[in-house]
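Geometric and topological summary
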Amino acid sequence: QVQLVESGGGLVQPGGSLRLSCAGSGSIFSIYAMAWYRQAPGKQRELVAAITSSGSTNYADSVKGRFTISRGNVKNTVYLQMNSLKPEDTAVYFCNADIHSISSPRSTFWGQGTQVTVSS
């Protein structure tokens, strides 16, 4: 079994920063790509940022210049550094990964989500 576990969410004032972490565990052979999505109340889940195994990244226009996605030195981890946070960044943030595991050559896995609230 493969699990993705997020951490680092919370309440922050506008203009503040947060760092989200996601760690994959279980029978993982390799990870092709990892990403962060978010879903605000009443809205569809949207891609925030993604990073491939080679380090290529892409970002939603709404977060470019403020958020940075990176792969960790610890295997199977990904981070999202969020700076200059705005109230419209408030959402549940989900970790996503395309994984080669013991049970499948390529499957998509999701974490359980972590709440980020930007409010004064």
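First, a word on scope: everything that follows refers to the structure included in this document. A quick note: this is a predicted structure, and the numbers were derived from the prediction, not measured.

So, the sheet that holds strand S3 (residues 18-26)
Pairing in this open sheet of 4 strands is antiparallel, and the strands run S1-S3-S8-S7 from one edge to the other. Among the strands making up the open sheet, the edge pair consists of strand S1 (2-7) and strand S7 (67-71). Strand-to-strand twist across the sheet, computed as the mean angle between neighbouring axes with direction ignored, equals 15 degrees. Inspection of the sheet shows S3 paired to strand S8 (residues 77-82) by 6 bridges, in the antiparallel sense. Paired with Leu18 across the strands is Met82, a residue of S8.

Focus on the state of the cysteines
Applying the stated criterion to the full structure yields 1 disulfide. Each disulfide pairs two cysteine sulfurs, and for Cys22 the partner residue is Cys95, the sulfurs being separated by 2.0 Å. Of note, the bridge from Cys22 to Cys95 carries an S-S torsion of about -80 degrees and is left-handed in sense. In this pair, Cys22 is assigned in strand S3 and Cys95 in strand S9 (residues 91-101), connecting sequence segments 73 residues apart.

Focus: the pairing of S3
Strand direction decides the pairing type here: S1 and S3, joined by 6 bridges, are antiparallel. Across the sheet, the residue bridging to Val5 is Ala23, located in S3.

Overview of the pattern of salt bridges
Applying the stated criterion across every chain, the model contains 5 salt bridges. For Asp61, the salt bridge identified is with Lys64, shortest N-O distance 3.1 Å. Classification of Lys64 by relative accessible area gives partly exposed; the value is 49%. As a salt-bridge pair, Arg66 and Asp89 come within 2.7 Å of each other at their nearest N and O atoms. Here Asp89 lies in the loop between S8 and S9 and Arg66 lies in the loop between strand S6 (57-59) and S7, a separation of 23 residues in the sequence.

Considering the environment of Asn83
The topology assignment puts Asn83 in the loop between S8 and S9. Among all residues touching Asn83, those that are not within four sequence positions of it are Gly16, Ser17, Arg66 and Phe67. At 2.9 Å, the side chain of Asn83 forms a polar contact with the side chain of Gln81.

Conventions adopted
- Residues numbered from 1 in each chain as written.
- Predicted model: local features only at pLDDT ≥ 70, side-chain atom pairs only at ≥ 80, totals over all residues.
- Heavy atoms only, no water.
- Pairing = 2+ DSSP bridges.
- Helix = DSSP H or I, 4+ residues; strand = E, 2+ residues; numbered from the N terminus.
- Axes fitted to C-alpha atoms, helices over the stretch in contact; angles between N-to-C directions.
- Disulfide = S-S within 2.5 Å.
- Salt bridge = Lys/Arg side-chain N within 4 Å of Asp/Glu carboxyl O.
- Buried < 20%, exposed > 50% of the residue type's maximum accessible area, 1.4 Å probe, protein only.
- Contact = heavy atoms within 4.5 Å.
- Polar contact = N/O pair within 3.5 Å; in protein donor to acceptor, adjacent residues only side chain to side chain.

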